[in-house]
Amino acid sequence: AAGVIQSPRHLIKEKRETATLKCYPIPRHDTVYWYQQGPGQDPQFLISFYEKMQSDKGSIPDRFSAQQFSDYHSELNMSSLELGDSALYFCASSSRRQETQYFGPGTRLLVL
Amino acid sequence: AQSVTQLDSQVPVFEEAPVELRCNYSSSVSVYLFWYVQYPNQGLQLLLKYLSGSTLVKGINGFEAEFNKSQTSFHLRKPSVHISDTAEYFCAVSRLSGGYNKLIFGAGTRLAVHP
């Protein structure tokens, strides 16, 4: 079965640079969620989209922005990167009528 | 608001022994409950979920969990573990309402299965 696709899988950036993470949900899933998992920590909710509209917002820094496109894929844009942004970033998708979120493999971001 | 407490940060166990990973939650509203597993350097895989109905739910890889509303618990169990079960296990909740609800995770329990 098709799964959530995230790209890139690994990313290395310098401080103050920008990064764009991409997420392709499972076909026919209309909702996308972004989570951040710091080293040794549990995943923390950042933001979610339903039908291309922001549906919920968590502890997402103002330096980050995200959107969901007409084909339902989503991008997380991160600017002025800081060392503390180094983490594993997960995307998850679900269908409006289902409560289960399916996670992608994650993008590991390292900020030097 | 919801919160999740995983009572054990690490659980060492010998192969073929039974294991229980404990999870308690707090919420002012009804919730859905989930267990996810994260193998080293991998993403989160759904083990099982409780949405409604029978309080005993069975998941993949021989795991099961029991929802106890009075004790606000959702403990994960397996009668006989394998080396391959070594991983991080996360308990999570989401609000019981129509769609697109974020997951609130516990801090995780590292299960280490020894030969």
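Scroll up for the structure.
Predicted model only: the values in this text are computed from it and were never measured.

Enquirer: How do you make sense of a nonpolar patch on the surface when you look at a structure like this?
Expert: A contiguous nonpolar patch, built from Ile-12, Leu-110 and Leu-112 of chain A and spanning about 290 Å² of accessible area, is present on the exposed surface. Its place among the elements puts Leu-112 of chain A in the segment after strand E11 (107-111).

Enquirer: Explain the pairing of strand E12 (residues 109-114) of chain B to me, please; I cannot follow it from the model alone.
Expert: If a strand is regular, its side chains alternate between the two faces of the sheet. All names here are of chain B. Here E12 shows one buried face, formed by Thr-109, Leu-111 and Val-113, and one open face, formed by Arg-110, Ala-112 and His-114. Taken together, the 5 bridges between strand E2 (residues 10-14) and E12 define a ladder with parallel strand orientation. In the sheet register, Val-13 faces E12, and the bridge partner there is Val-113. Note: strand E10 (residues 87-95) against E12, 3 bridges, orientation antiparallel. Across the sheet, Ala-87 pairs through a bridge with Leu-111, a residue of E12.

Enquirer: Whenever I open this one, the state of the cysteines confuses me. Can you help?
Expert: Scanning all chains against the criterion turns up 2 disulfides over all chains. A disulfide bridge connects Cys-23 of chain A with Cys-91 of chain A, and the sulfur atoms are separated by 1.7 Å. A torsion of -55° about the S-S bond marks the disulfide between Cys-23 of chain A and Cys-91 of chain A as left-handed. Of this pair, Cys-23 of chain A sits in strand E3 (residues 19-24) while Cys-91 of chain A sits in strand E9 (residues 87-94), and the two are 68 residues apart along the sequence. Residue Cys-23 of chain A is classed as buried on the basis of its relative accessible area, which comes to 0%. Between the sulfur atoms of Cys-23 of chain B and its disulfide mate Cys-91 of chain B the distance is 2.0 Å. Between Cys-23 of chain B and Cys-91 of chain B the disulfide shows an S-S torsion of about -65°. By sign, it is left-handed. Of the two residues, Cys-23 of chain B is situated in strand E4 (residues 23-26) and Cys-91 of chain B in strand E10; the sequence distance between them amounts to 68 residues. Since its relative accessible area comes to 0%, Cys-23 of chain B is described here as buried.

Enquirer: It is not clear to me how the interface of chain A and chain B should be interpreted in this structure. Could you clarify?
Expert: It is common to give the size of an interface as the accessible area lost on bringing the parts into contact. On the side of chain B, 23 residues touch chain A, which itself brings 22 residues to the contact. At the junction of chain A with chain B, the criterion picks out 0 salt bridges. Joining chain A to chain B, the criterion identifies 5 residue pairs in polar contact (both at pLDDT 80 or more). Those elements giving two or more residues to the side of chain A that touches chain B turn out to be strand E4 (31-37), strand E5 (44-50), strand E6 (53-57), E9 and strand E10 (102-103) of chain A. A total of 4 residues in the side of chain A that touches chain B trace back to one element, the largest contributor, which is E4 of chain A. When grouped by side-chain class, the residues that make up the side of chain A that touches chain B number 10 nonpolar, 7 polar and 5 charged.

Calculation criteria
Residues numbered from 1 in each chain as written. Chains lettered and ligands numbered in written order. Predicted model: local features only at pLDDT ≥ 70, side-chain atom pairs only at ≥ 80, totals over all residues. Heavy atoms only, no water. Patch = residues over 30% accessible without salt bridge, like charges linked within 9 Å, V, L, I, M, F, W, Y side chains within 5 Å. Areas by Shrake-Rupley, 256 points an atom, 1.4 Å probe, with all protein chains shown as cover. Salt bridge = Lys/Arg side-chain N within 4 Å of Asp/Glu carboxyl O. Helix = DSSP H or I, 4+ residues; strand = E, 2+ residues; numbered from the N terminus. Buried < 20%, exposed > 50% of the residue type's maximum accessible area, 1.4 Å probe, protein only. Pairing = 2+ DSSP bridges. Disulfide = S-S within 2.5 Å. Contact = heavy atoms within 4.5 Å. Polar contact = N/O pair within 3.5 Å; in protein donor to acceptor, adjacent residues only side chain to side chain. Nonpolar A, V, L, I, M, F, W, Y, C, P; charged D, E, K, R; others polar.

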